[in-house]
Amino acid sequence: MPILHAFDAIATPPTDFPAVTVVAGNDAGLRSWVIGILTGDADVTNIDGETARWNDLRDDLETASLFSCGEKRTVLVRSGDKLVKDARSELEQFAAAPSDASRLVLEVDSLPSNTRLFKVVAQDHLVIQCAVPQISAGRATRPDIAKLRAFITGVLVPRHQAKMTGGAADTLVELIGDNIAMLDTEVAKLAVHLAIGATINEALVRDVVAGWRGKTIWDTTDAALAGNAAEALRHLDKLIGGGERALALLPQLAWSVRRLGMGIAMVEEKEANGARCSPRDGLTASGFKGRPQDLGNAESQMKQLGRKRVQQLLPWLLEADLKLKGSHSAEDRERWVLENLVFKLAAKNPAAQR
């Protein structure tokens with residue numbers, strides 16, 4: 001297969017490799033993992049692509065191994081973006097007529113598919129894409145959560161002799177992001193807390209991965225949505241005093257709040273079509289994920305806030321985000337944005353909001 005994704009290469013490692021393999025993508029963890037599969041126990045010559053010159057590399061590629069019992073020698077070029085820029089035509093010519101003595105593994109952060117080098121390698125050799133799969137979302141793109149979830153539960157977790165629910169995998173991505181190396185590290189930590197073969201659930205992910213900081217931001221959100229501004233501000237003060245920046249805290253706080261805003265949006269959509277819809281139905285229709293008790297808590301929070309204020313949640317979050325990235329981006333002003341958001345969430349009447 002001339003073009004292969006790293007997820008597939010890791011799940012089912014190829015048994016035969018062509019004369020040229022390009023390992024391309026922005027995920028360093030995936031690149032490292034794939035290179036380990038490609039090189040194995042072979043006779044490998046490592047070359048720094050930042051300082052490599054084509055003449056020297058060509059000599060290495062044309063030199064057979066004395067220790068591999070007739071097998072091709074592997075020449076691995078690390079961080080090869082500069083080499084590609086400086087010797088693109090030479091690499092294209094080599095890919096068109098490679099040496100019989102060695103095989104080339106070229107690691108790069110990026111190799112656009114419209115370049116001649118990419119086309120030559122993809123046609124006659126192998127390109128392994130080392131970036132988390134993306135899907136279109138309007139004009140932008142976002143990680144393909146379904147494929148990422150399948151890779152975590154089907155590949156990463158079994159390596160640590162454990163199992164994981166889909167909800168736990170989604171929560172792990174929400175807390176950590178889509179960096180594969182970091183996800184693998186966190187899965188290893190989670191597996192230690194259970195017996196061999198046991199299942200990692202969402203509760204364990206939140207308890208272990210989030211730590212006290214994660215618990216505190218959830219406590220901040222829960223207190224604010226329950227109308228207890230004083231308690232929410234105490235938790236917020238602990239986080240900021242511990243070195244957390246408001247720009248990093250807002251997405252975590254917004255995760256819970258946004259679900260309520262999406263829930264009311266679905267309620268309004270169904271009512272506009274003449275159907276009756278409860279807060280619980282709206283949350284379910286919006287794709288709410290979590291345990292049954294989580295759904296019950298979210299429904300209670302919507303009722304506590306009241307319809308008019310739930311309708312304002314998404315605009316409030318957008319306003320806070322724009323301020324933190326603009327007028328209140330300075331460290332001495334950003335705290336005010338979160339405190340103001342807490343008061344809006346906790347206020348029980350318009351006068352209190354003012």
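These figures come from a predicted structure and were not determined experimentally.

Rules behind the numbers
- Residues numbered from 1 in each chain as written.
- Predicted model: local features only at pLDDT ≥ 70, side-chain atom pairs only at ≥ 80, totals over all residues.
- Heavy atoms only, no water.
- Salt bridge = Lys/Arg side-chain N within 4 Å of Asp/Glu carboxyl O.
- Helix = DSSP H or I, 4+ residues; strand = E, 2+ residues; numbered from the N terminus.
- Buried < 20%, exposed > 50% of the residue type's maximum accessible area, 1.4 Å probe, protein only.
- Expected span 1.5 Å × (residues − 1).
- Arc of directions from axis to C-beta.
- Polar contact = N/O pair within 3.5 Å; in protein donor to acceptor, adjacent residues only side chain to side chain.
- Pairing = 2+ DSSP bridges.

**Q** Before we move on, could you go through the pattern of salt bridges and cite the residues and values that matter?
**A** Scanning all chains against the criterion turns up 19 salt bridges. Of the charged contacts, one joins Glu-202 and Arg-206 as a salt bridge, the two residues approaching to 3.2 Å between their closest N and O atoms. Residue Glu-202 and its partner Arg-206 are located together in helix α10 (residues 202–208), separated by four residues, close to a single helical turn. Per residue, the accessibility class of Glu-202 equals that of Arg-206, and both read buried. Salt-bridge contacts for Arg-280 lead to Glu-299; the nearest nitrogen and oxygen are separated by 3.1 Å. Of this pair, Arg-280 sits in helix α14 (residues 279–285) while Glu-299 sits in helix α15 (residues 292–305); the two residues are 19 residues apart in sequence, bridging distant segments of the chain. Classification of Arg-280 as partly exposed rests on a relative accessible area of 33%. Overlapping salt bridges bring together Arg-31, Glu-107 and Asp-109 as one network.

**Q** Go over helix α9 (residues 180–192) with me, naming the residues and quoting the values.
**A** Between its first and last C-alpha, α9 extends 19 Å over 13 residues, near the 18 Å set by a 1.5 Å rise per residue. Listing the buried residues of α9 in full gives Ile-180, Leu-183, Asp-184, Glu-186, Val-187, Leu-190 and Ala-191. Buried residues in α9, looked at end-on, bunch into an arc of 165°, giving them a common side. Where α9 begins, the capping side chain belongs to Asn-179, and its oxygen is found 3.1 Å from the backbone nitrogen of Ala-181.

**Q** Let's hear about the pairing of strand β6 (residues 126–129): which residues, and what values?
**A** Note that strand β1 (residues 3–5) and β6 share three bridges and pair parallel. The partner of Leu-4 across the bridge, within β6, is Ile-128.

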